[in-house]
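Residue-level listing of the chains:
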Amino acid sequence: MDYKTVLTVCPYCGCGCGMYLEVMDGKVIGTLPSMNHPISEGSLCIKGWNAHEPVHSQKRLTKPFMRKDGKLTEASWDEAIDKVAGELTRIRDQYGPNSLAVLTSAKCTNEENYLLMKLTRAVLGTNNIDHCARL
Amino acid sequence: MEELKKKVKQALEEGKIHGFLGLKADEGEVSPFFVTKDNIAELEKLTAPDGRYSIGKILSHIAVRNPGKVIGVMVRGCDERAIIELTKASQLGTASITQFGVACTPQTAEKCNCPQPYPSQIDFGEKAPGVVPNELLAKVEQMSVEDRLAFWMSQFDKCIKCYGCRNICPVCYCKECTLEDQNLVPGGIVPPATPVFHFIKAMHMADRCIDCGLCEATCPMNIPLRTIYRHMRKAMQELFDYVPGKAATDKSPLGVLEEGGRLIH
């Protein structure tokens, strides 16, 4: 017999609507708009209203997959990260930093987007970074 | 408020209620919260703020998952009306409900345009007078049929189909919703491909709408939804002398079949 609401910000776009996730007995069961939120003033769009649905979805990917011999195969995080880092380094060294680009997302937090910006500029060495919400 | 906190705390400690659903002010926001014996200290945050939630709907989610329990709930006038309708529709399972009544302030009543801003029993606050409903309904009713249609079509054109009016509605509980039926409302088209989208809901809510106004409050496009529902309520009262949310013993005239002059519920 446990019900609580957790204040959060809608992850879908850059508007920053305030919402609560409803948690019942340890499971996320619903979304409520924050009725006196200064940004969204109690409204959400259809994406926000359904933001809880992927949380416990059976279709959710919980492990990385890599294409091996043309087939998507389950891989370990170490293997996947090594592959991505190795390929990024190879392309940068072979064709120059401007052959790479990074597209970030409004679904990331501010901090994650900041880190991606740092990775792109300081590690990859390119200014080719943009955001999916540049409409 | 201290009195009410004490009363709820006592009821929890004595086992008269197993849990309590109310509103709290926390993190600069107002939100629903649920207290049991395990987190009884949280009760300190209990408040009767301006912000409203669909308490009836949340209560029904908690109640059906906790059959046989006694659940305390803080109710305003609108919440009580919703609970009456949910009881009629057997949406609270076998849980029993203990209500702690809170009367809204005149300011809240004004903001909500509420004709009855208090529950039948008041444990906190003073009864404020009901607010005379705004004039849009009278204005719309005076329009010619063509003008009225044009008015509503211009309003429905704004709809972004967020389904917020349905999601927040305390007395909307169907597991399968007509508004999601692909044959009636084709998906992926905004505004809704069926202009009567909102009228479908209004017809379904005719004997249930308790005039809480949450649909209009949550609408991101400011469609005056409550005016439609008030029109339906008025029709129900005029045609059948029926007011949803008035008493749990009232039976909806839409659930009655007439056979040989007898009324069968």
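None of the values given here were measured: they were computed from a predicted structure. (Residues numbered from 1 in each chain as written. Chains lettered and ligands numbered in written order. Predicted model: local features only at pLDDT ≥ 70, side-chain atom pairs only at ≥ 80, totals over all residues.)

**Q** Just to check I follow, could you spell out the overall build of chain B for this structure?
**A** Across its full length, chain B holds 10 helices and 6 strands. Out of the 265 residues belonging to chain B, those deemed buried represent 37%. At a minimum sequence separation of 6, the contacts of chain B that also span at least 24 residues come to 63%. (Helix = DSSP H or I, 4+ residues; strand = E, 2+ residues; numbered from the N terminus. Buried ≥ 20, exposed ≤ 12 C-beta atoms within 10 Å, placed from the backbone. Contact = placed C-beta atoms within 7 Å.)

**Q** Just to check I follow, could you spell out the overall build of chain A for this structure?
**A** For chain A, the count of helices and strands is 3 helices and 7 strands. On C-alpha atoms alone, chain A measures out to a radius of gyration of 19 Å, which is more than a quarter above the 14 Å that the 2.2 N^0.38 rule sets for 135 residues. Seen through its principal axes, chain A has C-alpha atoms that stretch 55 × 35 × 20 Å. Relative to its 135 residues, chain A shows a buried fraction of 18%. Long-range contacts, defined as pairs at least 24 residues apart, comprise 39% of the intrachain contacts of chain A with a sequence gap of at least 6. (Rg over C-alpha atoms; globule rule 2.2 N^0.38 Å.)

**Q** When you look at the sheet that holds strand β2 (residues 18-24) of chain A in this model, what are you seeing that I'm missing?
**A** Paired through backbone hydrogen bonds, the strands of a sheet run either parallel or antiparallel to each other. Residue and element names in this part refer to chain A. Reading across from one edge, β1-β2-β3 is the order of the 3 strands in this open sheet, with antiparallel pairing throughout. Since the sheet does not close on itself, it has two edges, and those belong to β1 (3-9) and β3 (27-33), each with one partner. Neighbouring strand axes in the sheet, compared pairwise and without regard to direction, differ in orientation by 30 degrees on average. By the bridge criterion, 7 bridges tie β1 to β2 in an arrangement that is antiparallel. Each residue of the ladder has a partner; that of threonine 8, found in β2, is methionine 19. (Pairing = 2+ DSSP bridges. Axes fitted to C-alpha atoms, helices over the stretch in contact; angles between N-to-C directions.)

**Q** Hey, could you run me through the pairing of β3(A) in this one?
**A** In summary, the side chains of a regular strand alternate between the two faces of the sheet. Residue and element names in this part refer to chain A. In the sheet, β2 pairs with β3 via 6 bridges, with the strands oriented antiparallel. Bridged to tyrosine 20 within β3 is leucine 32. The turn linking β2 back onto β3 is made up of 2 residues, and aspartate 25 within it adopts a positive phi angle of 45 degrees.

**Q** Honestly, the interface of chain A and chain B in this entry has me stumped. Any pointers?
**A** One frequent convention defines the size of an interface as the accessible area lost when the parts assemble. Taken together, the contacts link 21 residues of chain A with 29 residues of chain B. Looking at the side of chain A that touches chain B, the elements with two or more residues in it are β1, β2, β3 and α1 (46-49) of chain A. The dominant element in the side of chain A that touches chain B, judged by the number of residues it contributes, is β1(A), at 4 residues. Partitioning the side of chain A that touches chain B into residue classes produces 13 nonpolar, 7 polar and 1 charged. (Nonpolar A, V, L, I, M, F, W, Y, C, P; charged D, E, K, R; others polar.)

**Q** Which parts of the structure should I look at to understand the sheet that holds strand β2 (residues 29-35) of chain B?
**A** Residue and element names in this part refer to chain B. The 4 strands are arranged β2-β1-β3-β4 in an open sheet whose pairing can be described as mixed. Strand pairing shows two members of the sheet lacking a second neighbour, β2 and β4 (96-101), which therefore form its edges. For this sheet, the mean angle separating the axes of adjacent strands, direction not counted, is 30 degrees. The sheet contact formed by strand β3 (residues 70-75) and β4 spans 6 bridges and is parallel. In the strand pairing of β4, valine 70 is matched with serine 96.

**Q** I keep staring at helix α2 (residues 55-65) of chain B and nothing clicks. Help me out?
**A** Within α2(B), 8 of the 11 residues are buried, leaving the element largely enclosed by the surrounding structure. Turning to α2(B), its buried residues are Ile55(B), Gly56(B), Lys57(B), Ile58(B), Leu59(B), Ser60(B), Ile62(B) and Ala63(B). Turning to α2(B), the residues buried within the fold contact β1 of chain A together with β1 (19-26), β2, β3 and α3 (77-88) of chain B.

**Q** What is the right way to look at the packing of α2(B) against α3(B) in this model?
**A** When two helices pack together, their arrangement is given by the angle between the helix axes and by the axis-to-axis distance. All names here are of chain B. Packing of α2 against α3 brings their axes to within 8 Å, and their N-to-C directions diverge by 45 degrees. Classified by the angle their axes make, α2 and α3 are oblique. Crossing hand, α2 versus α3: right-handed. Between α2 and α3, the contacting residues are Ile55, Gly56, Leu59 and Ser60 on the first element and Asp79, Ala82, Ile83 and Leu86 on the second. Considering only residue class, the contact of α2 with α3 consists of 5 nonpolar, 2 polar and 1 charged. (Parallel < 35°, antiparallel > 145°, perpendicular 65-115°, else oblique. Left-handed = near helix turned anticlockwise from the far one by under 90°.)

**Q** Would you take a moment to explain the nonpolar core for this structure?
**A** Across soluble globular proteins, nonpolar side chains have a tendency to be buried as a group. In this structure, Leu21(B), Leu59(B), Ile62(B) and Val73(B) are the most contacted members of the largest nonpolar core, which totals 66 residues. Setting aside residues no more than four positions away along its own chain, Leu59(B) makes contact with Leu21(B), Ile71(B), Val73(B) and Ile83(B). (Core = buried A, V, L, I, M, F, W, Y, C linked by C-beta atoms within 7 Å.)

**Q** So what exactly am I meant to see when it comes to the domain arrangement of chain B here?
**A** All names here are of chain B. The domain boundaries assigned to chain B delineate domain 1 (2-112) and domain 2 (136-255). Relative to domain 2, the C-alpha centre of domain 1 lies at a distance of 26 Å. At 8 residues, α3 tops the list of elements feeding residues into the side of domain 1 that touches domain 2. Here the side of domain 1 that touches domain 2 is composed, by residue class, of 6 nonpolar, 5 polar and 5 charged. (Domains from an automatic or database assignment.)

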